[in-house]
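A structural walkthrough
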Amino acid sequence: MLDSIPHSNVLSIARLDLTLSSNPRLHTYFAATTADRRLHLIDASPSPSPAVQSYSSFQDSPILDVAAFQNRYLLTASMSGSLLLYDTKTEQVLDQRKDHGKYVVKLAIWSSGTTTLVATAGWDAKVFLYRLVVDASETPRLGEPIASMSLPTVPETLLFIQSPESTRPIILLTRRDSTFLYYYSVASTQSGNSGLLTLGKQNLAPHSNAWVAFTPSDVQINPVDPSILAVATSSTPHMKLLVVKLLLPPGDTSTLETEQLHDSEPATQASQARANLLLQDKEEAAIMVNVSTMAPQTAYSTPRLVWRPDGSGIYVSSDDGVIRGFEAHTGKLAATLEAHVPGSKIRCLFAGTSKGDTDDGQEGEEILLTGGFDQNLILWKTV
């Protein structure tokens, strides 16, 4: 158990490579945010030390997600809808936006060269996209969003994935009361498009007769095979775990438009039914694992999962204080970890390797870091 943070509910965990004003050498830290509006940086070396830095004043409400880029720029998303950009090297707030009405629940970052894209999803049922330019002559700013999108229901999570046909990013998004994965392309500004274009969707319950069988609440890409996705669902009374092959649509919008024109040709009712059945069969075949984790949850739970760094297994959260580990290929329960207070909500997970200075070329042993509403942050050494 890590006693390096004040006792408060743990809301998010991340591992970040950063340079600080107090340590200009590039170093790896665990970032933990808590319900008292603090963000704590903890040494991620094999023997973690007390928090080396705690931030308490630059957000007006608890931080729900955190990310970093260029090894010095920190992004935090809060319950109030605020998105803040902070420079850890100079200890300055560079920019702050409040485009969301409330609860920015997820941040996603995509960096290419001097350009970084930042996508945010909030409980106001909106998604915003920002473009930041980072070079030696200019300090990055969030600025006005380059694109926005209003959704029929609240988004649960989003992340960037790479197009299979190019180096351009695709946004994968899930939303409440829908069993689909939604794919969006990020249009270039030269094209004159609004910034986000719908590419397609993939049903995770293609043959279900229920109106909504579940909601994909958390999705994570396999760290070894980026074509495979793990999904934690909001189903009650127990979380379902799915391992799915991504059916990515073309990332080239011109190809997509050509296919849409072709699909718009007249079709009979029978041919449409056959096409729908073929699509459902394809979506069903893409589901590699579909198991009940027996991790209890309610309609108010926040399901979370994380891959083992070698892609062989998946850990999932619960509302009973137990972390469960599953084999990725079979869905078989492989581990039950009990150290949190029984009956407490596990809110966040991180799996990876312990490491300190990022330029020493050494990866540490495999670890799992978990935090929850028992106000504990627990470090596990896994095998």
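Everything that follows concerns the structure shown earlier in this document.
Just so we're clear, the structure is a prediction, and the values are computed from it rather than from any experiment.

Each value, and the rule that gives it
- Residues numbered from 1 in each chain as written.
- Predicted model: local features only at pLDDT ≥ 70, side-chain atom pairs only at ≥ 80, totals over all residues.
- Heavy atoms only, no water.
- Helix = DSSP H or I, 4+ residues; strand = E, 2+ residues; numbered from the N terminus.
- Buried < 20%, exposed > 50% of the residue type's maximum accessible area, 1.4 Å probe, protein only.
- Contact = heavy atoms within 4.5 Å.
- Areas by Shrake-Rupley, 256 points an atom, 1.4 Å probe, with all protein chains shown as cover.
- Salt bridge = Lys/Arg side-chain N within 4 Å of Asp/Glu carboxyl O.
- Phe/Tyr/Trp six-rings, centres within 6.5 Å; stacked < 30°, edge-to-face > 60°.
- Lys NZ or Arg CZ within 6 Å of the ring centre and 35° of its normal.

1. Looking at the overall build of the protein
Within the protein, the secondary structure is distributed over 2 helices and 27 strands. Within the span of the protein, comprising 383 residues, buried residues form 52% of the whole. The long-range share in the protein, meaning contacts at least 24 apart out of those at least 6 apart in sequence, stands at 50%. As displayed, the protein has an accessible area near 16,900 Å², and 49% of this comes from carbon and sulfur atoms.

2. Looking at the pattern of salt bridges
In the structure shown here, the tally under the stated rule is 9 salt bridges. For Asp87, the salt bridge identified is with Arg72, shortest N-O distance 2.6 Å. Of this pair, Asp87 sits in strand S7 (residues 83–87) while Arg72 sits in the loop between strand S5 (63–69) and strand S6 (73–78), and the two are 15 residues apart along the sequence. Of the charged contacts, one joins Lys345 and Asp319 as a salt bridge, the two residues approaching to 3.6 Å between their closest N and O atoms. In this pair, Lys345 is assigned in the loop between strand S24 (333–338) and strand S25 (346–353) and Asp319 in the loop between strand S22 (313–316) and strand S23 (322–327), connecting sequence segments 26 residues apart. Residue classification places Lys345 among the buried positions, given a relative accessible area of 17%. One network of salt bridges, in which partners are shared, links Arg97, Asp99 and Glu144.

3. Observations concerning the packing of aromatic side chains
For the coordinates displayed, the defined rule picks out 6 aromatic pairs. On the basis of an interplanar angle of 20° and a centroid distance of 5.0 Å, the ring pair of Tyr103 and Trp123 is categorised as stacked. Of this pair, Tyr103 sits in the loop between strand S8 (92–97) and strand S9 (104–112) while Trp123 sits in the loop between strand S10 (115–122) and strand S11 (126–133), and the two are 20 residues apart along the sequence. Seen in terms of ring centroids, Trp110 and Phe160 are 6.2 Å apart; in terms of plane orientation they differ by 50°. Their pairing is tilted. Taken together, the residues Trp110 in strand S9 and Phe160 in strand S13 (residues 155–162) connect sequence positions 50 residues apart. The two residues Trp110 and Phe160 agree in class, both being buried. We note Arg176 situated over the ring of Trp123; from NZ or CZ to the ring centre the distance is 5.1 Å. Across the ring face of Phe180, the terminal group of Lys201 is positioned such that the distance to the ring centre comes to 4.5 Å.

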